[in-house]
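Below, each chain spelled out in residue letters.
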Amino acid sequence: MSADPTPSRTANVEPAAVDPESRTDSQRERIAPKTPPDGDAGPSVQVTGAAPAEPVAERGLSVTLEQLRAFYGDAEQVKGIDLEFRANEVTAIIGPSGCGKSTLVRCINRMHEEIPGAHAEGRVLLDDADVYDARVDVVAVRRAIGMVFQKPNPFPTMSVFDNVAAGLRLGARARGGRGRAELNVKVEAALRAAGLWEEVSERLSEPGAGLSGGQQQRLCIARSLAVEPDVILMDEPCSALDPIATLKIEELIEELKQRVTIVIVTHNMQQAARVADRTAFMLSGELVEVGATQTIFTNPSDPRTEEYVTGKFG
C-alpha cells in the first residue's frame, strides 16, 4: 500500500497581531469548579491566550480520553475508548459512517450531553483536568475547546463582525464589559488568524450568511479563535466545500496547529493524509488503532484498517 503523495505546503494566512496590552482575563480563564467543597479547589486548567504578534509556536493543551463511552438512551455508540490527542498536533479520526466519530468529538467539549437522552461516561482530560468533573463550569470547557461543524453555521441575522464578536461579548458580560476598541482588535486578530481578513475587511457590516461557503466556514473558525481556545474540534469541516475552499481550510489547519491542538473528523482519506500528524481508525464504536498517519496508511497493524484505507469497505 502507499498513500498519495502529500506535498508540503505553507499556509497563506497571517499570524494574529494582538497588542499584549489589549488582552483581557480571558486568556487566564480557568476551568474552575462551580461549587467546590471546603478546602478543595477542584480541577484547574490555564487556558492560554491568542498567538502573539511574532509567529512562534505556543504550547497547546493535550486531550486524553479514558474509557470514554457515549450513549443515546440505552444504545451505546462509543465503547470504552482510550485515546490521546497530543498538544499542537492534528489528529484525524477516520472510519465508516455511523462508527461514532462525530459522537466522540462532541463528547470532548460536552456537546453530546445537549442531545435529549444522551450521556457519556468515562473521563476526558484537558491536560490534567477532567472536563466531566461535576464541579466544572461547562461554559469554560466550551471556551477552551472550540468546535467547527460540518456545515458552516454563521449566525444568519448577524454581520461578519458580530459573528466573530459574539463569543467575546458573551464573555464580556460575565466580566463587566469590553471596550469597542478592544473588541475591534480581537475581531481583526481572529479574522487574520483564520486567513479571512483581506477578503472581508471592507464587508464587516454585511451579513455573514452572504459570504461564500468556504468563507463562511473560515468565519466560523474565526469565531472559535476569537475566544482564545486551546483545542479546536472539526467535524468534517470541508465536506460541503469545493476543492479550492477545502485547500484554504487545510492550509489554515497547518498554520493553526502551531498554537492549538486540532482534532478533525473526516471521510476523506487524502485529506487525512495531507493534514494529520496522527490518525485514529474507528469501527462500530471502537478504536481499532491509532498511530502516525503515514504508518496508518502504508503499514497498519490491523487488517481491518488496511481494508478501510484501501477502499475495500466503508
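As a starting point, this report considers the structure included with it.

Rules used throughout
- Residues numbered from 1 in each chain as written.
- Predicted model: local features only at pLDDT ≥ 70, side-chain atom pairs only at ≥ 80, totals over all residues.
- Heavy atoms only, no water.
- Axes fitted to C-alpha atoms, helices over the stretch in contact; angles between N-to-C directions.
- Helix = DSSP H or I, 4+ residues; strand = E, 2+ residues; numbered from the N terminus.
- Parallel < 35°, antiparallel > 145°, perpendicular 65-115°, else oblique.
- Left-handed = near helix turned anticlockwise from the far one by under 90°.
- Contact = heavy atoms within 4.5 Å.
- Nonpolar A, V, L, I, M, F, W, Y, C, P; charged D, E, K, R; others polar.
- Pairing = 2+ DSSP bridges.
- Phe/Tyr/Trp six-rings, centres within 6.5 Å; stacked < 30°, edge-to-face > 60°.
- Buried < 20%, exposed > 50% of the residue type's maximum accessible area, 1.4 Å probe, protein only.
- Lys NZ or Arg CZ within 6 Å of the ring centre and 35° of its normal.

### Here we look at the packing of helix α4 (residues 180–193) against helix α6 (residues 213–226)
Inference 1: At a minimum axis separation of 8 Å, α4 and α6 run at an interaxial angle of 130°. Considering their axes alone, α4 and α6 lie oblique with respect to each other. Helix-helix and strand crossings are classified by hand; for α4 and α6 the assignment is right-handed. Side by side, α4 and α6 meet where A190, L191 and A193 of the first sit next to L219, A222, L225 and A226 of the second.
Inference 2: In the contact of α4 with α6, the residues fall into 7 nonpolar, no polar and no charged.

### As for the sheet that holds strand β2 (residues 75–85)
Inference 1: Taking strand neighbours across the sheet as the criterion, the 4 strands line up as β2-β1-β4-β5 in an open arrangement whose pairing is antiparallel. The open sheet terminates on both sides in strands that have one partner only, identified here as β2 and β5 (129–130).
Inference 2: Here 8 bridges tie strand β1 (residues 63–72) to strand β4 (residues 118–126), and the two strands are oriented antiparallel to one another. Bridging from a neighbouring strand, R69 pairs with E121 of β4.
Inference 3: Across the sheet, helix α1 (residues 101–108) is in contact with β1, β2 and β4; its angle to β1 comes to roughly 115°.

### As for the packing of aromatic side chains
Inference 1: Per the stated rule, a full pass over the model turns up 2 aromatic pairs.
Inference 2: Judged by centre distance (5.0 Å) and plane angle (25°), the ring pair of F281 and Y308 falls under stacked. Taken together, the residues F281 in strand β9 (residues 278–283) and Y308 in helix α10 (residues 303–309) connect sequence positions 27 residues apart.
Inference 3: On the basis of relative accessible area, F281 is assigned to the buried category, the value being 0%.
Inference 4: Counting every residue linked through ring pairs, the aromatic cluster contains F281, Y308 and F313.
Inference 5: The side chain of R223 reaches across the aromatic face of F155, ending 4.3 Å from its centre.

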